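What the coordinates show
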There are 2 protein chains.
Amino acid sequence: MSKDNGAHRIATLERLLPSPTGANPSSRRLGSTRGCLARSPEIGGPVPFSSPDTPGMPAPSEKTAWDFMPNEQESGQAAIVATTQLDHARLGKITPEMEVVARNEGHLSPEQVRDEIASGRLIIPANKIHLSHGLEPVGIGRASRTKINANIGTSPISSSTDEEICKLEWALKWGADTAMDLSTGGDVDACRQALIRASRVPVGTVPIYSMIIGRKIEDLTYEVILAELEKQARQGVDFFTIHAGLLRSHLEHVKERLIGIVSRGGSLIAKWMTHHRKENPFYEMFDEICALMRQYDVSFSLGDGLRPGGLADATDTAQLLELSVLGELTERSWSNGCQVMVEGPGHVPFDQIEVNMKLERRLCHGAPFYVLGPIVTDVFPGYDHITSAIGATAAAFHGASMLCYVTPKEHLGLPKREDVKQGCIAYKIAAHAADVALGIPASRDRDDEITRARADLEWDKHFELSFDEETARKMHEEDMPEHEGYCSMCGHDWCAVRINKELPR
Amino acid sequence: MSKDNGAHRIATLERLLPSPTGANPSSRRLGSTRGCLARSPEIGGPVPFSSPDTPGMPAPSEKTAWDFMPNEQESGQAAIVATTQLDHARLGKITPEMEVVARNEGHLSPEQVRDEIASGRLIIPANKIHLSHGLEPVGIGRASRTKINANIGTSPISSSTDEEICKLEWALKWGADTAMDLSTGGDVDACRQALIRASRVPVGTVPIYSMIIGRKIEDLTYEVILAELEKQARQGVDFFTIHAGLLRSHLEHVKERLIGIVSRGGSLIAKWMTHHRKENPFYEMFDEICALMRQYDVSFSLGDGLRPGGLADATDTAQLLELSVLGELTERSWSNGCQVMVEGPGHVPFDQIEVNMKLERRLCHGAPFYVLGPIVTDVFPGYDHITSAIGATAAAFHGASMLCYVTPKEHLGLPKREDVKQGCIAYKIAAHAADVALGIPASRDRDDEITRARADLEWDKHFELSFDEETARKMHEEDMPEHEGYCSMCGHDWCAVRINKELPR
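About the criteria used
- Residues numbered from 1 in each chain as written.
- Chains lettered and ligands numbered in written order.
- Predicted model: local features only at pLDDT ≥ 70, side-chain atom pairs only at ≥ 80, totals over all residues.
- Heavy atoms only, no water.
- Pairing = 2+ DSSP bridges.
- Helix = DSSP H or I, 4+ residues; strand = E, 2+ residues; numbered from the N terminus.
- Axes fitted to C-alpha atoms, helices over the stretch in contact; angles between N-to-C directions.
- Salt bridge = Lys/Arg side-chain N within 4 Å of Asp/Glu carboxyl O.
- Buried < 20%, exposed > 50% of the residue type's maximum accessible area, 1.4 Å probe, protein only.
- Least-squares fit on C-alpha atoms with pLDDT ≥ 70 in both.
- Contact = heavy atoms within 4.5 Å.
- Parallel < 35°, antiparallel > 145°, perpendicular 65-115°, else oblique.
- Left-handed = near helix turned anticlockwise from the far one by under 90°.
- Nonpolar A, V, L, I, M, F, W, Y, C, P; charged D, E, K, R; others polar.
- Expected span 1.5 Å × (residues − 1).
- Domains from an automatic or database assignment.
- Buried area = accessible area lost by both parts, 1.4 Å probe.
- Polar contact = N/O pair within 3.5 Å; in protein donor to acceptor, adjacent residues only side chain to side chain.

Turning our eyes to something else, we now look at the sheet that holds strand β7 (residues 299-302) of chain A. Residues and elements named next belong to chain A. Pairing in this closed barrel of eight strands is parallel, and the strands run β3-β4-β5-β6-β7-β8-β9-β10 around the ring. Going across the sheet, the axis of each strand differs from the next one's by a mean of 25°, ignoring polarity. Taken together, the three bridges between β7 and strand β8 (residues 340-344) define a ladder with parallel strand orientation. Its bridge partner lying in β8, F300 is registered against V340.

Here the focus is the pattern of salt bridges. Residues and elements named next belong to chain A. In total, this model carries 61 salt bridges over all chains according to the counting rule given. In this structure, the salt-bridge partner of E230 is R234, at a minimum N-O distance of 3.1 Å. Of this pair, E230 and R234 are both found in helix α10 (residues 222-235), four residues apart, which corresponds to roughly one turn of the helix. Taking the shortest distance from any N to any O, the salt bridge between D460 and R473 comes out at 2.9 Å. A residue pair is termed long-range when its members are at least 10 positions apart, and D460 in helix α20 (residues 459-465) and R473 in helix α21 (residues 469-477) qualify at 13 residues. A relative accessible area of 38% places D460 in the partly exposed class. Within this structure, D53, E354, K358 and R361 form a network of salt bridges that share partners.

For the pair chain B and chain A, the best superposition has an RMSD of 0.0 Å and corresponds to a rotation of 180° with a translation of 0.0 Å parallel to the axis. Expressed as an axis order, the relation between the two copies is that of a two-fold axis. When you check the interface residues of chain B against chain A, 100% turn up at the interface there too, and the contact is symmetric in its surfaces.

All names here are of chain A. Across the interface, helix α14 (residues 286-296) lies against helix α15 (residues 317-335) with an axial gap of 10 Å and an inter-helix angle of 45°. Comparing the axis directions of α14 and α15 gives the class oblique. Where α14 crosses over α15, the handedness of that crossing is right-handed. Contact with α14, carried on its side by F286, D287 and C290, involves L329, R332 and S333 of α15 and no other residues of that element. Here the residues of the contact of α14 with α15 sort into three nonpolar, one polar and two charged.

With respect to the helices and strands, B:L16 occurs in helix α1 (residues 3-16). Once the C-alpha coordinates of B:L16 and B:F282 are considered, the two residues, 266 residues apart in sequence, prove to be 53 Å apart.

On to helix α7 (residues 161-173) of chain A. Residue and element names in this part refer to chain A. Taking 1.5 Å per residue as the helical rise, α7 with its 13 residues ought to reach 18 Å, and the 18 Å between its terminal C-alpha atoms agrees with that figure. Buried within α7 we find E164, I165, K167, L168, W170, A171 and L172. As for α7, its buried residues are in contact with β3 (147-152), β4 (178-181), α8 (188-198) and α18 (417-438).

This part takes up the sheet that holds strand β6 (residues 239-242) of chain B. Residue and element names in this part refer to chain B. Overall, parallel pairing links the eight strands, which are arranged β3-β4-β5-β6-β7-β8-β9-β10 in a closed barrel. Pairwise comparison of adjacent strand axes, ignoring direction, gives a mean angle of 25° for this sheet. As paired strands, strand β3 (residues 147-152) and strand β10 (residues 402-404) are joined by three bridges and run parallel to one another. When the bridges of β10 are listed, K147 appears paired with M402.

Right, let's get into the domain arrangement of chain A. Residue and element names in this part refer to chain A. Split by domain assignment, chain A resolves into domain 1 (65-438) and domain 2 (445-501). Summarising the inter-unit geometry, the C-alpha centres of domain 1 and domain 2 are found 39 Å apart. Each partner contributes residues to the interface: domain 1 has six residues there, and domain 2 has four residues. With both chains or domains summed, domain 1 and domain 2 bury close to 380 Å², and 64% of this area falls on carbon and sulfur atoms. On the surface where domain 1 and domain 2 come into contact, there are two residue pairs in polar contact (both at pLDDT 80 or more). For the side of domain 1 that touches domain 2, a count of residues per class yields three nonpolar, one polar and two charged.

Put into structure tokens, the structure is as follows:
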């Protein structure tokens, strides 16, 4: 083949291929890849790091948190008592927490962190009480790296505070950026308190769980709700899942579903509304709840009580109506000076993930999207850390800012220590793969280092760079206790990397 | 909230959302989902089942195998001796193998299978010898369901024919649609023979592996190549990986890489070309190889000797130049009456998967794409069944027809029994998730059944419908030996599904 033919081929290929548009995820621009196909990052705009839009996707909102200012700030009359990170950002102040987030992200300046918070696209869930007990602030938003959450907590079937503390530490070891205490068994108050004190990462809860301990859901009152929220805020919880978007009028759409409501909070509230023939109390009391949360700077995680529980119900009217209300509540949170992220599904076929992410971006004006999975097939119980890591990668690429892990035990039972590890690792994979795909600066550096160690057949370095060093080492040594210049997969004669080293450079 | 407001919300949502375009993957149209966002299927056209194109993607080729007819058929002079499935399809004949494929797919008629084969978009790798020993034909192409391949085979470090037969049966139990025997240790001829006889699914090989047993790669001759191919064809191998697209002129582009050549076949051929200062012998002898393979109807799997070995080298010039040559070789295979699929990467960041799939569709005129993974991050050795199942799902959604599994042992050692199972399951997940996302008819039916079993809290049915029933059952019973109407994850009081059943219908 002549050189000319090669040049002709390259020219033809160039014409066929889209030009790289995203940023280079390798800080040293290593290797020969043509470059990232994400959108060019626009930190400070509506698409900080973003996937290109498949035709027909909803465009980003033209509004931000700046369009939903508290009356007090807008009028400029009353003296503003800045309380939340959002308040400070709006006033132009860079808090110590913003500094920490910028330092940990690496690719963001404190000013950028502040501006993203002011626009509502990034939050730092950091309760003042927890900050006083050593919380390391974490930023959640599209300008930052993708975060993962590990759910822990007791159940009535299995409960021990010590075990949950161990699970928390274990989850942190395997990379959890936040943890949610979903305890429903044993002394949940003591367990929550212990977890917050033990946790250097933000802790979230779903307060309605505790509200029905020793009480039927029908007996839940406005007073009980506010008292429980106040107690948990005072304990230092950093974010609350509040299912305020599920309205009475939505319930008729649930009837069309194959598996009605699968959110615990959602089903409890549905039962309350049906029994009392009244609107969702969290919706009715939303401004009071905001006032309470603002005091401590507890962030909202607006719950998706109507998330689908199977592929058959994905992206349906019930789910989308609730999301639309969550968009309004996002606006109201901002008007009340509160930080807010929005929760999302769940069970979603792979083709529908992008539109789910981009619809939230539109309706909720870029507020961070915090999604559970999503699971992309229902028939693999025992492997839902994998079915959902697939969906989570697509979700993070197309718009999610935080991924709630799913463990192999999902749909089957309460996760134990090993399940927590497997869930965390599957989600670190998803978050990291999306960060590289989005072109987040330096996100590929460790991949490049390990690739180089492979090219050099430096096994020890290869293991040290592995996310789970011990497992990688053990698997390798199963057949080959000594580290030769090849492995048991190909053996010496067929080792491509070894042969490759013999080629002239 | 008034009814009107709900109606207004729904109208707003309708305006924002793309209309469902794909087919309904539920044969009974169950549930409330809005529908599939894949392209409308066009079986008989260039995009049988296809994802929508992100802007900038290469359009499908306007050519098919019909544009690359053998001289004999084109001229109509010589009597045509139809040998391969492609030959028969071109002559309008429906073979018994096409009948079986149509029956097993369910959504395709024998005529559609024939027409897809004639156009080169579907293959049935079925060596006449293997057919006489009970091969159950399998269709690989975009009109059919996505297939998965399991690699098995001995290595010089670990080899036993019995163990490989067990691994084969084990892989078939966990859903492998084809198997490749990549043996390089022990009596590889006997092992291959035994595997073909034991396998009801198509068996593929990479014949160059056997060509260097007892021989340095430099000593490989044209005669040795043809003799080995003839021997394996006569044994009944259904498809050969032939690395004919890697040319001498491509090697200069390898130098820019972080990790040069990671394909075993590719590295061996590179070494041969460098030593002899001659062109790739598989490329030079391509027509002779076609003639030999056509006799037995061995299908080509055109190997990607220059696939990237790390994210840093993905979609680079070396890889794409080879793919461009594979496009030409696809044309030549068709001109020689041979069935052909094309192999693809490897290690690809999530943002670059779609363009890789659509470039192959263009350059290789819709010939089935058979990809390895791709892995979407390099830093998780020990978990590469997950890192690659993520890439594989995106690959199958955007254009791949068969997925070569990657086991947890990838980059570390030779997979064992449990690794084979984990690899197969991760890839069944990927293939199935993509089939549902593409709207392949009836592909969601089992998901819907299991969703209904969940809604009804019918645990036994739930387990029976699980892909890995035993694992699901074991995980559930860990905390709850009896099957109550809830599980240990939430317990009785917080079980959303139980509460849901109490809501009025």
